[in-house]
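What follows is each chain in one-letter form.
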Amino acid sequence: MSNTKSRRTSAKPDPVEITATAPSTPSAPVRISKQSQMLALLREGATLGAMQAATGWQAHSVRGFISGTVKKKLSLTISSEIGTEGRIYRVVS
């Protein structure tokens, strides 16, 4: 038994010259990580609600980020004080 496959022969298109030009504005916006957003908020001082709104995280996730990442992994000191809007968390320099 012979194993014959039909091959398609197609004419190759003529080569086309492509000139690349850099776009005047970047097409994709620069993505800012949630970690950098949180650290920026903590440098200024932010409430739990403000951090939740900025990241879309739940309250327990924000608190976990503060204790696990900011305190333990990054070894930053966090202060917490009660303000008129509620508890304000801040990175101590």
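Refer to the structure printed above.
Residues numbered from 1 in each chain as written. Predicted model: local features only at pLDDT ≥ 70, side-chain atom pairs only at ≥ 80, totals over all residues. Heavy atoms only, no water.

J.: An account of the overall build of the protein chain is needed here, citing residue identities and associated values.
T.: Scanning the protein chain from terminus to terminus reveals 3 helices and 3 strands. In the protein chain, the succession of α and β elements from N to C terminus is α-β-α-α-β-β. Here the protein chain, with 93 residues, has 19% of them falling under the buried criterion. Look at the contacts in the protein chain between residues 6 or more apart in sequence, and 40% of them connect residues 24 or more apart. For the protein chain, the accessible surface area stands at approximately 7,900 Å², while carbon and sulfur atoms represent 52% of it. (Helix = DSSP H or I, 4+ residues; strand = E, 2+ residues; numbered from the N terminus. Buried < 20%, exposed > 50% of the residue type's maximum accessible area, 1.4 Å probe, protein only. Contact = heavy atoms within 4.5 Å. Areas by Shrake-Rupley, 256 points an atom, 1.4 Å probe, with all protein chains shown as cover.)

J.: Describe the nonpolar core, naming the residues involved and giving the relevant values.
T.: Among the nonpolar cores identified, the biggest contains 13 residues, and Leu42, Met51, Val62, Ile66, Val70, Ile78 and Tyr89 are the most heavily contacted of them. For this core, the elements supplying multiple residues, two or more each, are helix H1 (34–44), helix H2 (48–55), helix H3 (59–73) and strand E3 (87–92). Examining the composition of this core, we find that 4 residues originate from one element, H3, more than from any other. Excluding anything up to four places from it in sequence, Val62 contacts Met38, Leu48, Met51, Gln52 and Trp57. (Core = buried A, V, L, I, M, F, W, Y, C linked by side-chain atoms within 4.5 Å.)

J.: If you had to explain the environment of Arg63 to someone new, which residues and values would you point to?
T.: Positionally, Arg63 belongs in helix H3. In the structure, Arg63 is positioned 12 residues away from Met51 in sequence and 9.8 Å away in space, judged by C-alpha atoms.

J.: Give me the packing of H2 against H3: which residues, what numbers.
T.: Between two packed helices, both the angle of their axes relative to each other and the distance between the axes serve to describe the pair. H3 packs onto H2 with a crossing angle of 100 degrees between their chain directions and a minimal axis gap of 9 Å. When the axes of H2 and H3 are compared, the pair comes out roughly perpendicular. When H2 is examined against H3, the residues Leu48, Met51 and Gln52 are found in contact with a partner set consisting of Ala59, Val62, Arg63 and Ile66. Here the residues of the contact of H2 with H3 are counted per class, giving 5 nonpolar, 1 polar and 1 charged. (Axes fitted to C-alpha atoms, helices over the stretch in contact; angles between N-to-C directions. Parallel < 35°, antiparallel > 145°, perpendicular 65-115°, else oblique. Nonpolar A, V, L, I, M, F, W, Y, C, P; charged D, E, K, R; others polar.)

J.: A description of the pairing of E3 should follow, citing residues and the corresponding values.
T.: On any regular strand, side chains alternate: one points to one face of the sheet, the next to the other face. Examined bridge by bridge, strand E1 (residues 46–47) and E3 share 2 bridges and lie antiparallel to one another. Residue pairing for E3: Ala46 is matched across the bridge by Tyr89. With 6 bridges joining them, strand E2 (residues 77–82) and E3 adopt antiparallel strand pairing. Its bridge partner lying in E3, Ile82 is registered against Arg87. Connecting E2 to the antiparallel partner E3 that follows it, the hairpin turn spans 4 residues, and Gly86 within it adopts a positive phi of roughly 130 degrees. (Pairing = 2+ DSSP bridges.)

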